[in-house]
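Structural overview
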Amino acid sequence: MYLVGKINVISALPEEFKRLSDIAYNLWWSWNPEAIDLYREIDLELWEKLGKNPVRFLQEVSQKKLQARLEDKDYMSRLHNVVAAFDSYMSEKDTWFSINHPESNGKRIAYFSAEYGLNEVLPIYSGGLGVLSGDHCKSASDLGLPFTAIGLFYKQGYFSQRINIDGWQETSFNNLNISQLPILPALNSNGEQAEINITFAGRTVYAKVWKVQIGRINLYLMDTDVSKNNPSDIALTSRLYGGDHETRIQQEIFLGIGGIRVLDALDIHPTVYHMNEGHSSFMGLELIRKLINEKHLTFKEAKQIVSNSAIFTTHTPVPAGNDTFPLYMMDKYFGDFWGQLGLSRYDFLELGLKNPEDQNFNMTVLALTLAGRKNGVSKLHGAVSRDIFGDVWPGVPQDDVPITHVTNGIHTLTWLSPKIKELYDKYLDSGWKTRIYSASTFEAVDNIPSGELWNTHLELKHKLIGFVRDRLKAQKLANGESMEAVRQVDTFLDPNALTIGFARRFATYKRANLIFRNLARIQNILNNPEKPVQIIFAGKAHPADGPAHDVIKNINDIARQEGFYGKVILLENYNMTVARNLVQGVDIWMNNPRRPLEASGTSGQKVCINGIINFSILDGWWCEGYNGENGWVIGDETEFDNENSQDNIDSESIYDTLEGKIVPLFYKVNEKGIPEEWIRIMKNSIKSLAWNYSTDRMVKEYTERMYLPAMTGASKLLEDNCNTARSFSSFEEHMKNNWAQVQLMADKNHNDLKDYRSNSGQEINLWVNAQLGAIDPANIMVELYYGTLENGKIANAQAVEMNCTEKLADSLYRYSLNLRIEDGGEYAYTFRATPKHPDMINRFDMGLIRWVM
Ligand SMILES: *Cc1c(COP(=O)(O)O)cnc(C)c1O
């Protein structure tokens, strides 16, 4: 048949439903189940068919169905309540931020990320990083932060995954239709869609700007699908992590440099800039370029301002995982840029080199160099980052490397099952949703009767099993399997069996098939007739990661074997929909990465709020979340060099813990069939973890420890026509020029601890002489650096500032300290000097440190 043309008819909405359309364009609906209910109840079938997308749903819903709702009193009253709740949320003046930080009124935070996982209708995320960014934005909205997010619009999103009949992953991309998404043009002050451009590699590339409303905050997305671009540039932002290295650098130029231009085009002027992972680090260069241009500063002056405003969060625990670009590519794209910064090629490239011989420009190193405040995403990951990036601060002990940590969290209302939410609404204090970050909020979980919690959990487990079976049937139909095989799916998964969930990206370090290392043993565990166990897997492999595809294939093959069939399930196309069902419906959540490669992990945080219990390696967030009574661990903190031994030991630990602890406890029920002891652990898990691993706690922590100090620091440097920045920069210059003269000289005879016996608590007088050359003592911090003596080295080190007590000669000073050590033991000490200045963010960033000779 020849199709002459296409006609799009958009439903005319009765007046009463117009507000539902406003709400459809604000992702607020995605974490408010009462709002979602309003759409789905109009026409459940259409709602599901259109992918639970309110914008598209309202475009296509039938007039008849809308009319029917108009006559439904209960529906209309709920509609009014939802609209009132939305309006009151949007106009709320007393937010956590406005109440606690009124002094920061008028200042703004800009947040940059390559991906955002906000909801499945907007598939511009690949995995954990994106979901974290999405959850960060939602909490920024809930807490009332003055916050603007920046990203790219990938009109083909991230790939969809199919697993074919042989168990191999196949990938495909679909074009998204903007008119059917909760996306609007971002308008500039002339009322036109904002557009920016960037000139690189001899051409100018344009991008238009879209707006996504996330509660009270906006996310702006750049899209190079602009007709004046050449065809390859039009496709530049089509796919998330889709192209080659050239595409990647161009996308990152847009994200970083373009992002700053978007803010300008929309007349938004942030004080603080947060780079979520290194993809956006070029942002710092553009900020410096602008300051040089607009305020006539030198590179160093401008860099000092940027350092104060910029925050960098690293997510990668392995050096090879960082984004890098070969130097010839930097020449190609930045050949015109470094001159604008007043830098030579060498000085420019050095900003991103891990060491001077490096042939790759490293985006993480650039971010670490430019951002004054830096963090990893769990306590352990902070320590790992200080180790792997220690080279960037030569001479600085690892513990002093200025990378701290802010542990990740999840947006509670996004991942919380509406059924469990009803229980919280009933048993927690009213207003609990505005105090999610507080431990006391969840204490009343103890008041939920065990039976009620358990029955709600079982209801969610049934729902999950229905969801999994439907998906599996569709999966098998698409693979052309027999009707018999499709029908059999209804016998898969026993609603009474202990159900393990495992879903995440299939990167090999996550060891998805570790539990199958000893097939006979796991087969026994799964097939215990009184105490059966089953496992549901899901996850995508990076298209270029061959070994990860083998893991998928391996699990698929096992799932087809006798003894595993119907008990081991591999679901395709892991995304936020699949994730939501899994994290609300399994019994335990297993995570067995090779430690310490899981920077944080967040899926385990999604399960705990739903009463599901974690069973994980002591890596990432679980290393600090586990308290002995809120879940189980796999292995211990030992790390083996030999991967094979590590895998053996960890898999044995999985079997032993399942057989010895988890399975017996799950099946130990009282006379009413309720596993009281299990429920105790569920409650412990909620109480100890729900608040701490929420993005509300996380965003609050970023605000207090990073955003607010950055606001103060950056504002101060900009004041008075940047005079403070200028004077700081001359201070830095002065210190660098004269540092070579600084020397510390200890009197070995006086300060020798080998013969020095001190009683606990007794004061020991220690001193060191400092030759300062042209440097004023006010600009130097001399410290005693001491700790226990272990293997000839100082361990558990502490640094204590010493007082300048005597001027011995011209530019020669004595620094002293009375040290008192309470605990007995063998100690060692030394002295060091670093620059000191009130406007310094941290004293190691200048790269000046002198230890005693
Ligand atoms: C939460 C989430 C992740 C991250 O899970 P990890 O346990 O951190 O690997 C990845 N993908 C999706 C779809 C998610 O919802």
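- In the annotation of an unreviewed UniProt entry, the protein is listed under the name Alpha-glucan phosphorylase and assigned to Ruminiclostridium cellobioparum subsp. termitidis CT1112.
- In its Catalytic activity (unreviewed entry) section, the UniProt entry covering the protein states "[(1->4)-alpha-D-glucosyl](n) + phosphate = [(1->4)-alpha-D-glucosyl](n-1) + alpha-D-glucose 1-phosphate".
- In its Sequence similarities (unreviewed entry) section, the UniProt record describing the protein reads: "Belongs to the glycogen phosphorylase family."

**As for the sheet that holds strand S27 (residues 827-835)**
- The strand order across the open sheet formed by four strands is S24-S23-S27-S28, and the pairing between neighbours is antiparallel. Pairing within the sheet leaves two strands with one partner each, and these edge strands are strand S24 (793-801) and strand S28 (850-851).
- Alignment of S27 against S28, held across two bridges, turns out to be antiparallel. By the bridge assignment, Ala833 is partnered in S28 with Arg850.

**Description of the domain arrangement of the protein**
- Domain annotation of the protein identifies domain 1 (15-91), domain 2 (104-155 + 211-221 + 242-408 + 702-722), domain 3 (438-691) and domain 4 (742-851).
- Between the C-alpha centres of domain 2 and domain 3 there is a distance of 35 Å.
- In this complex, domain 2 contributes 17 residues to the contact, which on the side of domain 3 involves 18 residues.
- In total, domain 2 and domain 3 occlude about 1400 Å² of area from one another, counting both sides; carbon and sulfur atoms represent 62% of this.

**Quick notes on helix H21 (residues 519-526)**
- Three or more residues of H21 are buried, namely Arg521, Ile522, Ile525 and Leu526. Here the buried residues of H21 occupy an arc of 135 degrees about the axis, which is enough to place them on one side. Those residues of H21 that are exposed and aimed more than 90 degrees away from the buried face are Ala520 and Asn524.
- Looking at the buried residues of H21, the elements they touch are strand S16 (533-538), strand S17 (568-571) and helix H26 (643-666).

**Describing the UniProt feature "modified residue: N6-(pyridoxal phosphate)lysine" (unreviewed entry) in the protein**
- Here the UniProt feature "modified residue: N6-(pyridoxal phosphate)lysine" (unreviewed entry) sits at Lys606.
- Examined against the element boundaries, Lys606 turns out to sit in helix H24 (residues 603-608).
- Setting aside residues up to four positions removed in sequence, Lys606 forms contacts with Val131, Ile410, Trp415 and Val583.

**Examining the packing of aromatic side chains**
- Considering all chains together, one arrives at 37 aromatic pairs under this definition.
- Taking the centre distance of 5.5 Å and the plane angle of 75 degrees together, the rings of Phe334 and Phe337 count as edge-to-face. Neither residue differs from the other here; Phe334 and Phe337 are each classed as buried.
- Judged by centre distance (5.1 Å) and plane angle (80 degrees), the rings of Phe492 and Tyr565 are edge-to-face. Remark: Tyr565 occurs in the loop between helix H22 (546-559) and S17 and Phe492 occurs in the loop between helix H20 (483-488) and strand S15 (498-503); sequence separation between them is 73 residues.
- According to the relative accessible area criterion, Phe492 is buried, its value standing at 5%.
- Of the residues examined, Tyr565 reaches a relative accessible area of 34% and is grouped as partly exposed.
- Here the aromatic cluster, defined as three or more aromatic residues joined through ring pairs, consists of Phe282, Phe325, Phe334, Phe337, Trp338, Phe348 and Phe361.

**Regarding the sheet that holds strand S19 (residues 613-617)**
- Spatially, six strands are ordered S17-S16-S15-S18-S19-S20 in an open sheet, and the strand pairing comes out parallel. On the outer flanks of this sheet lie S17 and strand S20 (631-634), each paired with one strand and no other. Direction aside, the axes of adjacent strands within the sheet are offset by 20 degrees on average.
- Across four bridges, the pairing between S19 and S20 is parallel. Across the sheet, Phe615 pairs through a bridge with Trp632, a residue of S20.
- Sheet contacts for helix H19 (residues 450-478): S15, S16 and S17; angle to S17, the most-contacted strand, approximately 65 degrees.

**Looking at the nonpolar core**
- In terms of nonpolar packing, the biggest core is built from 235 residues, with Phe282, Phe334, Phe348 and Trp678 touching the most fellow members.
- Sequence-distant contacts of Phe282, that is, excluding residues within four places in its chain, are made with Ile249, Glu252, Ile253, Gly256, Ile257, Phe325, Met330, Phe334, Phe361, Met363 and Leu366.

The rules behind each value
- Residues numbered from 1 in each chain as written.
- Predicted model: local features only at pLDDT ≥ 70, side-chain atom pairs only at ≥ 80, totals over all residues.
- Heavy atoms only, no water.
- UniProt positions renumbered as here; feature names shortened; annotations may be inferred.
- Pairing = 2+ DSSP bridges.
- Helix = DSSP H or I, 4+ residues; strand = E, 2+ residues; numbered from the N terminus.
- Domains from an automatic or database assignment.
- Contact = heavy atoms within 4.5 Å.
- Buried area = accessible area lost by both parts, 1.4 Å probe.
- Buried < 20%, exposed > 50% of the residue type's maximum accessible area, 1.4 Å probe, protein only.
- Arc of directions from axis to C-beta.
- Phe/Tyr/Trp six-rings, centres within 6.5 Å; stacked < 30°, edge-to-face > 60°.
- Axes fitted to C-alpha atoms, helices over the stretch in contact; angles between N-to-C directions.
- Core = buried A, V, L, I, M, F, W, Y, C linked by side-chain atoms within 4.5 Å.

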